[in-house]
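Chain by chain, the residues run as shown.
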Amino acid sequence: MEELNKKYPIEIEIVTPVSIGGGAEKDWVNGLDFVESENKIYKLNLRRLFQPDSGVDVERLLPLFEKRDKQGVLRLLRNKLDRVSDAVFDMTFYSANDIKAFIKNELSGKPVIPGSSLKGAIRSVLFKELKDPTEKKEKIVFGESDKGDEFMRFLKFSDVEFEKTGLVNTKIFNLRSGEKPGSFEGGWKHSWAETTSAYKPSGFNTIYEALMPGQRADGVMLLSDKLFDLFYRSDLEDVSYFKVDDKRRLLDVSNLFQCINVHTRAYLDKEIEFFNTYRTDRVDSILDSLNEIRSGSDFRSSSSCILKMAAGSGFHSITGDWQFGDFSIDEIRSQGRNRGYFNDRPSAKSRKIAITKDAFYLMGFVRLRLLSEEEIQEKGQRQKARFEAIEHLRKQEVERKREELERQENRKRYDTLIQEARACDQRGDRKAALAKYNAAAAICPDGSLHEVPIQEIELFLQRQLEKEELEKQNAEAERERLRKQQVFVEGGLAFLTEERNGRFVVKDLKMAVNRVESWLKKSGNQYVPIDQEEILIQALIRLYKAEKKRELKRWEKQSEGHWKSISKIVSADRIEIVFKKVIG
């Protein structure tokens, strides 16, 4: 099936600075969206400013933003400007106004010329091309969208994305009354009430974020000639057949580009004549740029065209060009504000001039050029890579938002766990507190509320564990001591007969008494029980017989000598019995 739309890949080249605004709410406010420092303008990234790792004291920054304290913001951010800025521009000019921001692709953040802006600029050209000399109503010329016969729906442009923008200063070139009555001369507007012949870069000037000369980007133009033919073959009633053949002719890209070139060449000739007529300071620079466009463009080409569009286009470029053979004025009327007139019709007496270094431009000239097959293939690969990069950025943004949401959820969970851990700690449940703190650390390792409590609780629990281990060891030792004591007690006085290496362990009476006293104490007896007396007696006999002769006297009397020691372990009513059995 034959395509209803013819697709034309095109390249757009910026010839003079182009600015397309995103609305006043997008304009950069000094001290909020940007700051000035050391002849540079820093465009701040507000999202980056408020991230935790920005190093910016947000509590100090917010009041400065609210008060638009430019110097305060600059002092706070001075050492962090490169880190928190999207872009840095050389500042060769100053303006007290906000900076007019360029519209951006919300996903990639790059500047974009909307297809609607290109279409709107071409619409003005086609209105002049199609209208009758006396016709002023666009509905008659173009038709109406409600009826489906609106001509511009058969011509479409894609949005065109560029890589970057620059900043450009703009001044108002303004006509004023000359020295002779009824004469006019050029000047530069420096305030509402001041226009002088001398150019000054500041005063009633505005800075625009703009695409700069030489930049190129690719786009697509669609001409729906087949759809147009189908529409007008349907014999529809109540639709506009105004210059149908001329409209169909303009849906051929060669004819369309030639039409735009004819219009732009005539427009340039009239602007060159205007500035030659109303000369003043720096007009030669304006004429140089206009003549460069005029001489450097092939206006007979059917594969490229020069189009004027966007901010600074001016009255004649948008609505007035079809009304005037030239851009002269013959009267200035004061109606709230001064307005130029020519032949009793409103005309334009001022122009917005863009200044970059020593170049002075009328704003908004672009070159549209059809791409060759070779270029299409080559740039198709680049476009594919660009789309893939945009998709990658989109996925990155989705992932960033997901990670940010996860961080926020983790932070909430972290704070909850910290509160629960503190509650456990206050109840004395240190192990439960440690488990909560460790769970919080696993969620947010870089959190600041868990590290010290974990160290303190781990130290406490380690000491407690060491104490419990020591107590366990002491209890075990005590059990072992009691076991040995029990064995010792249950063995009675058998230790008195114990031998080691063929010799008795108990060698003398003192050792015997001491060992028996120890046994008595552990067994709970005051004196040797009768059932243990025989063991004691046999031990005493052994010791008595082993005694040296000179020591025997200490055994002879029951009330003296060794028997005083023995009486400590033998009761008074049994000592005599023991004595007689030992001494015989």
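Conventions and cut-offs
Residues numbered from 1 in each chain as written. Predicted model: local features only at pLDDT ≥ 70, side-chain atom pairs only at ≥ 80, totals over all residues. Heavy atoms only, no water. Helix = DSSP H or I, 4+ residues; strand = E, 2+ residues; numbered from the N terminus. Rg over C-alpha atoms; globule rule 2.2 N^0.38 Å. Buried < 20%, exposed > 50% of the residue type's maximum accessible area, 1.4 Å probe, protein only. Contact = heavy atoms within 4.5 Å. Areas by Shrake-Rupley, 256 points an atom, 1.4 Å probe, with all protein chains shown as cover. 1 Å grid on protein atoms, 1.4 Å probe; cavity = no way out; pocket = protein on both sides within 12 Å on 5 of 7 lines; lining within 4 Å. Points joined across faces, edges and corners; volume = space filled by probe spheres on them. Expected span 1.5 Å × (residues − 1). Arc of directions from axis to C-beta. Axes fitted to C-alpha atoms, helices over the stretch in contact; angles between N-to-C directions. Parallel < 35°, antiparallel > 145°, perpendicular 65-115°, else oblique. Left-handed = near helix turned anticlockwise from the far one by under 90°. Nonpolar A, V, L, I, M, F, W, Y, C, P; charged D, E, K, R; others polar. Polar contact = N/O pair within 3.5 Å; in protein donor to acceptor, adjacent residues only side chain to side chain. Pairing = 2+ DSSP bridges. Phe/Tyr/Trp six-rings, centres within 6.5 Å; stacked < 30°, edge-to-face > 60°. Lys NZ or Arg CZ within 6 Å of the ring centre and 35° of its normal. Disulfide = S-S within 2.5 Å. Salt bridge = Lys/Arg side-chain N within 4 Å of Asp/Glu carboxyl O.

### Here we look at the overall build of the protein
Thought 1: Broken down by element type, the protein carries 18 helices and 21 strands.
Thought 2: The C-alpha radius of gyration of the protein comes to 53 Å, more than 25% above the 25 Å expected for a compact globule of 584 residues.
Thought 3: Taken across its 584 residues, the protein has 41% of its residues classed as buried.
Thought 4: When contacts within the protein are restricted to residue pairs at least 6 apart in sequence, long-range pairs at least 24 apart make up 70% of them.
Thought 5: Accessible surface, the protein: about 33000 Å² in total, of which carbon and sulfur atoms supply 48%.

### Some points on the layout of surface pockets
Thought 1: Roughly 1200 Å³ of volume is contained in the largest pocket.
Thought 2: Counting residues per element, the ones that place at least two in the lining of the largest pocket are strand E3 (40-44), helix H1 (46-49), strand E4 (85-90) and helix H11 (373-426).

### What about helix H12 (residues 430-443)?
Thought 1: Between the first and last C-alpha of H12 there are 20 Å, a value that for 14 residues agrees with the 20 Å anticipated at 1.5 Å per step.
Thought 2: Of the residues making up H12, those classed as buried are Ala 433, Leu 434, Tyr 437, Ala 440 and Ala 441. Mapping the buried residues of H12 onto a view down its axis gives an arc of 125 degrees, with all of them on the same face. The outward face of H12, more than 90 degrees from its buried face, is lined by the exposed residues Lys 431 and Ala 442.
Thought 3: Buried residues along H12 sit in contact with H11 and helix H13 (451-490).

### Things to note about the packing of helix H8 (residues 253-277) against helix H9 (residues 283-295)
Between two packed helices, both the angle of their axes relative to each other and the distance between the axes serve to describe the pair.
Thought 1: One can describe the packing of H8 onto H9 by two numbers: an axis separation of 10 Å at closest approach and a directional angle of 160 degrees. Put simply, H8 runs roughly antiparallel to H9. As for how H8 packs across H9, the hand of that crossing is left-handed. Between H8 and H9, the residues in contact are Arg 265, Leu 268, Asp 269, Glu 271, Ile 272, Phe 275 and Asn 276 and Val 283, Ile 286, Leu 287, Leu 290, Asn 291, Ile 293 and Arg 294, respectively.
Thought 2: When grouped by side-chain class, the residues that make up the contact of H8 with H9 number eight nonpolar, two polar and four charged.

### Quick look at H11
Thought 1: Spanning 54 residues, H11 covers 78 Å between terminal C-alpha atoms, matching the ideal 80 Å at 1.5 Å per step.
Thought 2: Residues Lys 379, Ile 390, Tyr 414, Leu 417, Ile 418, Ala 421 and Cys 424 constitute the buried set of H11.
Thought 3: Contacts made by the buried residues of H11 are with strand E1 (6-14), strand E7 (160-161), strand E12 (216-223), strand E19 (365-370) and H12.

### Things to note about the environment of Lys 131
Thought 1: Secondary-structure assignment places Lys 131 in the loop between helix H4 (115-130) and helix H5 (138-142).
Thought 2: Looking at Lys 131, the relative accessible area reads 10%, which means it is buried.
Thought 3: Within the local environment of Lys 131, its side chain forms a polar contact with the backbone oxygen of Pro 133, the two atoms lying 3.3 Å apart.

### Here's the deal with the sheet that holds E1
Thought 1: A sheet is described by the order of its strands in space; here five strands give the open sequence E6-E12-E1-E19-E13, paired in antiparallel fashion. Lying at the two open borders of the sheet, with one neighbouring strand each, are strand E6 (155-157) and strand E13 (304-308). On average, each strand axis in the sheet is inclined to that of its neighbour by 30 degrees, with strand direction left out of account.
Thought 2: As paired strands, E13 and E19 are joined by five bridges and run antiparallel to one another. By the bridge assignment, Ser 304 is partnered in E19 with Arg 369.
Thought 3: Along the sheet face, H8 touches E1, E6, E12, E13 and E19 and points at about 50 degrees away from the line of E13.
Thought 4: Sheet strands touched by H11: E1, E12 and E19. Its angle to E19, the strand with the most contacts, is close to 105 degrees.

### Considerations on the sheet that holds E4
Thought 1: Here we have three strands laid out as an open sheet, ordered E2-E3-E4, and antiparallel in their pairing. Only two strands of the sheet have a single neighbouring strand rather than two, namely strand E2 (34-37) and E4. Pairwise comparison of adjacent strand axes, ignoring direction, gives a mean angle of 20 degrees for this sheet.

### Digging into the environment of Leu 81
Thought 1: Mapped onto the elements of the fold, Leu 81 is located in the loop between helix H3 (70-77) and E4.
Thought 2: Residues Leu 81 and Lys 395, spaced 314 residues apart in sequence, show a C-alpha to C-alpha distance of 28 Å.

### With respect to the packing of aromatic side chains
Thought 1: Scanning all chains against the criterion turns up 22 aromatic pairs.
Thought 2: Consider the rings of Phe 228 and Tyr 232, whose centres lie 4.7 Å apart with planes at 45 degrees: the pair is tilted. Note that Phe 228 and Tyr 232 are positioned in helix H6 (residues 225-232) at a spacing of four residues, about one turn of the helix. For the pair formed by Phe 228 and Tyr 232, the shared burial category is buried.
Thought 3: Taking 4.9 Å as the distance between ring centres and 70 degrees as the angle between the ring planes, the aromatic pair formed by Trp 563 and Phe 579 counts as edge-to-face. Of this pair, Trp 563 sits in helix H17 (residues 562-566) while Phe 579 sits in helix H18 (residues 572-583), and the two are 16 residues apart along the sequence.
Thought 4: Note on Trp 563: relative accessible area 1%, which makes it buried.
Thought 5: What links up through ring pairs into an aromatic cluster is the set Phe 173, Trp 188, Tyr 199, Phe 274, Phe 275, Tyr 278 and Phe 360.
Thought 6: Lying over the aromatic face of Phe 365, Lys 308 brings its terminal NZ or CZ to 5.6 Å of the ring centre.
Thought 7: Over the aromatic face of Phe 460 sits the side chain of Arg 430, whose NZ or CZ is 4.4 Å from the ring centroid.

### Regarding the side chain of Asn 174
Thought 1: In this fold, Asn 174 is placed in strand E8 (residues 166-177).
Thought 2: Judged by relative accessible area, which is 5%, Asn 174 ranks as buried.
Thought 3: In this structure the side chain of Asn 174 is engaged in a polar contact, spanning 3.1 Å, whose partner is the side chain of Thr 195.
Thought 4: When residues no more than four places from it in sequence are discounted, the contact partners of Asn 174 are Glu 185, Gly 186, Gly 187, Lys 189, Thr 195, Lys 349 and Ser 350.

### A few points about the state of the cysteines
Thought 1: Evaluated as defined, the whole model comprises zero disulfides.
Thought 2: Lacking any disulfide linkage, Cys 305 is separated from the closest cysteine sulfur, that of Cys 259, by 9.5 Å.

### A look at the pattern of salt bridges
Thought 1: With the rule as written, the count across this model stands at 41 salt bridges.
Thought 2: The salt bridge partner of Lys 100 is Asp 27, with a shortest N-O separation of 3.3 Å. Highlighted residues: Lys 100 in the loop between E4 and strand E5 (112-113) and Asp 27 in the loop between E1 and E2, separated in sequence by 73 residues.
Thought 3: Using a relative accessible area of 8% as the deciding quantity, one classes Asp 27 as buried.
Thought 4: When the shortest N-O distance is used, the salt bridge between Glu 404 and Arg 407 registers 2.7 Å.

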